[in-house]
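Structural overview for review
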Amino acid sequence: MSCQSLPNELLRMVFVHSVRERHKKDAPSIAISSTPIAISHVCRRWRELAIAEKEMWATFSLAEVNEWTADLLQLWLDRSRDSRLSLYVNAYMDGVPREIGLDLYRTWFYNALESLLTTTQHRWQDVFIEFYAFDPDDFPDFLKLRPSPNLRSLAFGACAYAVSLPIIGLNLENATNLRSLTLIGEALLELDTTPLLPNLTVLKIENPLDHVDGLSIHSLQFFVDFCRLLPNLEHLRIDGDGTSRDAENANIPLSAIAAIPFLELPQLVRLELYEG
């Protein structure tokens, strides 16, 4: 049986499966060569089915950009229509090819991020976003994270290389259905606007630093106060670099160790402390 003999409903299921059953890092990139674009260019029938299948365009990654990325991203957002979005955004401003230049590359990235952050946060469902740059002054005003109740899982980190300071705050005021949260590096969390998060059962903190001040999730009092908002937390993990599993050589930040006796987490069943 050839592909052309498959019913439309089955083909559309295959299309969605081709992008959904992947790790976020392997999600289709916003590029002309990506899976959704390739599928939509096989034949007229496949193109019509692909464009009509909004779920196929609702999972994507943004890790490398060029002058066409912002327009292509808008194409993805238009075709995904009202679907919940699963995103992987990894924005590093180092390693930019010399012939492009940092200023131009940064402009391309910001053009893409602006539409993503200003018009779609109410649609976010599963999101990984890690953003680094050389200077805090590089970051425009629209870089603010205020996810909605549709958010189910979030991994987030953003800081400036040169000074190792967090420069984008995370506001969870409306993210009341959040189930899993990963904070990376010097991620800032706006505690004064954070409500009780009864659905959050998994909290992971990667690469925490003791020197970050009281606004950080990694300071003792802040960490304790935040955990009080997580009455049903089941899994807490603090991981120094995301790779080490050697307990004998662990070098856990002091704030993490000091906080343990003060935590009131009646549902906690799994506690992991790692650092390379």
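The rules behind each value
Residues numbered from 1 in each chain as written. Predicted model: local features only at pLDDT ≥ 70, side-chain atom pairs only at ≥ 80, totals over all residues. Heavy atoms only, no water. Helix = DSSP H or I, 4+ residues; strand = E, 2+ residues; numbered from the N terminus. Buried < 20%, exposed > 50% of the residue type's maximum accessible area, 1.4 Å probe, protein only. Areas by Shrake-Rupley, 256 points an atom, 1.4 Å probe, with all protein chains shown as cover. pLDDT = per-residue confidence, 0-100. Contact = heavy atoms within 4.5 Å. Pairing = 2+ DSSP bridges. Expected span 1.5 Å × (residues − 1).

Concerning the overall build of the protein chain
For the protein chain, the count of helices and strands is seven helices and 11 strands. Buried positions account for 49% of the 276 residues belonging to the protein chain. Roughly 13500 Å² of accessible area belongs to the protein chain as shown, and the carbon and sulfur atoms make up 51% of that amount.

A short note on the confidence of the model for the protein chain
Mean pLDDT over the protein chain: 79, with 74% of residues reaching 70 or higher. Contacts of residues 210–216 to residues separated by more than four positions or lying in other chains number 14 contacts, the stretch itself having pLDDT below 50. Predicted confidence for residues 242–252 stays below pLDDT 50, and this span has 14 contacts to residues more than four positions away or in other chains.

A short note on the pairing of strand β9 (residues 202–206)
Note on strand geometry: in a regular strand, side chains alternate between the two faces of the sheet. When strand β7 (residues 180–184) meets β9, the two strands line up parallel, connected through five bridges. Of the residues in β9, the one forming a bridge with isoleucine 184 is glutamate 206. Bridge analysis of β9 against strand β10 (residues 235–239) gives five bridges, and the strand direction is parallel. Across the sheet, residue glutamate 206 finds its bridge partner in β10, namely aspartate 239.

Regarding helix α4 (residues 69–80)
For the α-helix, the turn length of 3.6 residues means that residues three or four positions removed from each other point alike. Taking 1.5 Å of rise per residue, the 12 residues of α4 would be expected to cover 16 Å, and the 16 Å separating its terminal C-alpha atoms lies within 8% of that figure. Restricting attention to buried positions, one finds in α4 the residues Thr69, Leu72, Leu73, Trp76, Leu77, Arg79 and Ser80. Looking at the buried residues of α4, the elements they touch are α2 (35–39), α3 (44–52), β1 (59–62), β2 (85–92) and α5 (102–119). Residue arginine 81 follows α4 closely and has a positive phi angle near 50°.

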